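# Structural characterization, general
Each chain is listed here by its residues.
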Amino acid sequence: MLAEQPNQDLGELIQIALDVAGSLDPREVIARILERGTHAVQADRATLSSLVDDHVIIEATYGRAGELTWVGQRYSLDYFGGQPLVQKAIDTLQPAFGGRLAADKAAPEFRQALASVRHVAVVPLVHGGRAVGMLVFSRYEDRSFTAADLAALTLLGTISGLALRNARLFEEGKAARERADQAVARLREAAEAAEDVASQVQLDAVLRRLLQRAGASVDADGTSLARLEGSEMVIESTPTGELVGTRWPLMPKVLAGITQGHPVELTAAEYTGAPEGLEAVVQPYRRFLVAPLAVGGETIGLLAMGRKTDEPFDPAAVQSLQQFSTLGALLLRNARLIAQAQVAEQAKSEFMSIAVHELRAPLTVASGYLGMAMEGAFGDLRPALRDVLSTAQRKTEEAKLLADELLTVARLEGKVLTPIAEPISVMGAMQEAVARAGPRAGLVKATITIEPGEDSRVLADRAMVGTILDNLLNNALTYTDHAPTIRIQARRDADQVAISVTDDGIGVASADQPRIFERFARGTDRVSREKPGSGLGLYLSRGLAERMGGSLKVEASQPGKGSTFVLRLPLAAS
């Protein structure tokens, strides 16, 4: 026996330690422990079991003939209450031997094998002060285990316990890394799906993408999206548009699950009592999954998915869907808010258009009567009355111009203002604008110069270009405290033509530059506040430029030294 050959024993045990520690694969480690241990203690058979919580898992057995059998049965530790030898080894953390196991107390599947056993040694596999497993060595001959075997058995148990524990830790770490990689992959897929949905702005497009991505993530055959209203759902989107807008009661089980923020899976047998009118839609599917779309604890939508085969949804796919649903809920809410804002903006534009149109009619009538009176259609006017009527006519015309401006803004915001694109001469448009500004320039002794430049042609709406240039020149003539000098010039800029209007007026403060193109925006300096105006000129001009595929920006401005505004329009084809 080993105890009679100490030098050989030590060398063999060292070799066992090296062999067992040479792998981190738990199955390989178990196989090596059984094989090396059986030969080291001259046993006929060895069995290795793992101790997990209050259970024992019989991993594998090995015989001297070389046969390795993987078992896998799981038993309660109470099962060993009838095996004092096993209980002693687990309690003392020391090898125990002294006879055979009680075959009549063993599980029926082991009784026949135990009947041939004459002597047994039970070796606890110890790590960290506790048993993590056990080795049971069996001899079929009448050759008992003795105290001489104790040192070898103890060392073998320590080596095996450490090796098995390290292999288990490595396996757990590998599994944890795989789970982490899977979680990262699911998050990446959820982020990509959310990015795809986020590329859409219109509500109907967002709904379509949500359905496509959600259905693909869980391999569903049918999808729908609904909003939750009390205990009912209102279908908001389906791939075919069928049933959109219809209202249906929710099953209590589904309502309870989604209220807690959890997806609910149902079989066809569980989904009974479909409301009248919904049976034909539900009938083709054998599995259902309803997932909530929640933001801040509020369920704002329901994703309902069906599968035609009676196969459970993959838990990992459902978890991925939950991660996507969190992002999808935010995108859905934003799309709904944008849709509501668009509806409100459309209603506001329509109201403004109607209101301005109704306002313009009496102004036209009043202006006409005042003009007739000034021309003497109602008799001669006293000088004082003529002055009053002249002021009233001038103010009426100003009101008509403001009404026209508001009407144009309303049409622009309502997207009903369509430019008539045609090739027009930039030089011609500038000359016409300067001619229209001539009378007012003369009143304030202004100088307007058209700088030399290439006479390119742009693809634009002639009237819109004229409105923009009129507004820019009017601002240059207005926002000044002296007789202004204004320069207007055109130049080619890649596939565009840039028309710059430069003045030496009061300029725009840097703090005001980001907001001067906003609706009703005015400068905050004293001179700007004292000048008359609606604050719509630049807002309207920029909108018109963008409708023609161009842009309008302030290129440079400095208080007291003037400003340069640049209108860019697309170059017309040669």
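Residues numbered from 1 in each chain as written. Predicted model: local features only at pLDDT ≥ 70, side-chain atom pairs only at ≥ 80, totals over all residues. Heavy atoms only, no water.

### Here's the deal with the overall build of the protein
Broken down by element type, the protein carries 14 helices and 20 strands. Long-range pairs, those at least 24 residues apart, make up 59% of the contacts in the protein between residues at least 6 apart in sequence. For the protein, the exposed surface amounts to about 29,700 Å²; the carbon and sulfur share of it is 54%. (Helix = DSSP H or I, 4+ residues; strand = E, 2+ residues; numbered from the N terminus. Contact = heavy atoms within 4.5 Å. Areas by Shrake-Rupley, 256 points an atom, 1.4 Å probe, with all protein chains shown as cover.)

### Overview of the sheet that holds strand β8 (residues 222-229)
Taken together, the six strands give an open sheet; going across it, the order is β10-β9-β8-β13-β12-β11, and neighbouring strands pair in antiparallel fashion. Looking at strand neighbours, the two that pair on one side only are β10 (247-249) and β11 (264-267), the edges of this open sheet. Pairs of neighbouring strands in the sheet enclose a mean axial angle of 30°, with direction left out of account. Inspection of the sheet shows β8 paired to strand β9 (residues 232-237) by five bridges, in the antiparallel sense. Within the sheet, the bridge partner assigned to Ala226 lies in β9 and is Ile235. (Pairing = 2+ DSSP bridges. Axes fitted to C-alpha atoms, helices over the stretch in contact; angles between N-to-C directions.)

### What to know about the pattern of salt bridges
Within this structure, the stated rule accounts for 15 salt bridges. One salt bridge in this structure joins Arg36 and Glu35, with 3.1 Å as the shortest N-O distance. On the basis of relative accessibility, which here comes to 24%, the residue Arg36 falls in the partly exposed class. Judged by its relative accessible area of 32%, Glu35 is partly exposed. Between Arg491 and Glu555 there is a salt bridge; the shortest N-O distance is 3.8 Å. Taken together, the residues span a long stretch of sequence, with Arg491 in strand β17 (residues 485-493) and Glu555 in strand β19 (residues 551-558) at a distance of 64 residues. Owing to a relative accessible area of 35%, Arg491 belongs among the partly exposed residues under this scheme. Taking relative accessible area as the criterion, Glu555 reaches 47% and is therefore assigned partly exposed. Shared partners join several salt bridges into a network, and the residues in it are Arg227, Glu229, Glu232 and Arg247. (Salt bridge = Lys/Arg side-chain N within 4 Å of Asp/Glu carboxyl O. Buried < 20%, exposed > 50% of the residue type's maximum accessible area, 1.4 Å probe, protein only.)

### A word on the environment of Pro26
For Pro26, the location among the structural elements is in helix α2 (residues 26-40). Residue classification places Pro26 among the buried positions, given a relative accessible area of 6%. Separated by 139 residues in the primary sequence, Pro26 and Arg165 place their C-alpha atoms 8.8 Å from one another.

### Some thoughts on the side chain of Ser224
When you line up the elements, Ser224 lands in strand β8. Ignoring sequence-local partners within four residues, the contact set of Ser224 consists of Leu211, Ser237, Thr238, Leu302, Leu303 and Ala304.

### With respect to the confidence of the model for the protein
Counting all residues, the mean pLDDT for the protein is 79, and 77% of those residues have values of 70 or more. Note that pLDDT drops below 50 for residues 1-8; the model gives that stretch 12 contacts with residues more than four away or on any other chain. (pLDDT = per-residue confidence, 0-100.)

### Let's talk about the packing of helix α12 (residues 462-478) against helix α14 (residues 537-547)
Between α12 and α14, whose axes approach to 9 Å, the crossing angle comes to 150°. Taken together, the axis directions place α12 and α14 in an arrangement best described as roughly antiparallel. Both α12 and α14 take part in a crossing whose hand is left-handed. Contacts between α12 and α14 involve Met464, Thr467, Ile468, Asn471, Leu472 and Asn475 on the former and, on the latter, Gly537, Leu538, Ser541, Leu544 and Ala545. Residue composition of the contact of α12 with α14, grouped by class: six nonpolar, five polar and no charged. (Parallel < 35°, antiparallel > 145°, perpendicular 65-115°, else oblique. Left-handed = near helix turned anticlockwise from the far one by under 90°. Nonpolar A, V, L, I, M, F, W, Y, C, P; charged D, E, K, R; others polar.)

### Section: the nonpolar core
In terms of nonpolar packing, the biggest core is built from 45 residues, with Met430, Val465, Ile468, Leu469, Ile499 and Leu567 touching the most fellow members. Setting aside residues up to four positions removed in sequence, Met430 forms contacts with Ile450, Leu469, Ile488, Gln489, Ala490 and Ile499. Within the second largest apolar cluster, 21 residues are counted, among which are Ala43, Ala121, Phe137 and Leu153. (Core = buried A, V, L, I, M, F, W, Y, C linked by side-chain atoms within 4.5 Å.)

### Points about helix α3 (residues 84-92)
Those residues of α3 that sit buried are Leu85, Val86, Ala89 and Ile90. Along the axis of α3, the buried positions cluster into a sector of 130°, meaning they face one direction only. Exposed and oriented more than 90 degrees from the buried face of α3 are Pro84 and Asp91. On the buried face of α3, the contacting elements are β1 (45-52), β5 (96-99), β6 (119-127) and β7 (130-139). Within two residues after α3, Leu93 carries a phi angle of roughly 60°, on the positive side. (Arc of directions from axis to C-beta.)

### Some remarks on the pairing of β8
Of the strand pairs in this sheet, β8 and strand β13 (residues 298-307) are connected by five bridges, and their pairing is antiparallel. Paired with Ala226 across the strands is Leu302, a residue of β13. A loop of two residues connects β8 with β9, the two strands running antiparallel in sequence, and Gly230 in this loop sits at a positive phi of about 65°.

### Concerning the packing of aromatic side chains
With the rule as written, the count across this model stands at two aromatic pairs. Look at Tyr285 and Phe288: their rings are 6.4 Å apart centre to centre, the planes differ by 70°, and that puts the pair in the edge-to-face class. The pair Tyr285 / Phe288 is uniform in exposure class, with both members buried. Between Phe517 and Phe565 the ring centres are 6.3 Å apart and the planes differ by 75°, which places this aromatic pair in the edge-to-face class. Of this pair, Phe517 sits in the loop between β18 (496-503) and α13 (526-530) while Phe565 sits in strand β20 (residues 562-570); the two residues are 48 residues apart in sequence, bridging distant segments of the chain. Each member of the pair, Phe517 as well as Phe565, carries the same accessibility label: buried. (Phe/Tyr/Trp six-rings, centres within 6.5 Å; stacked < 30°, edge-to-face > 60°.)

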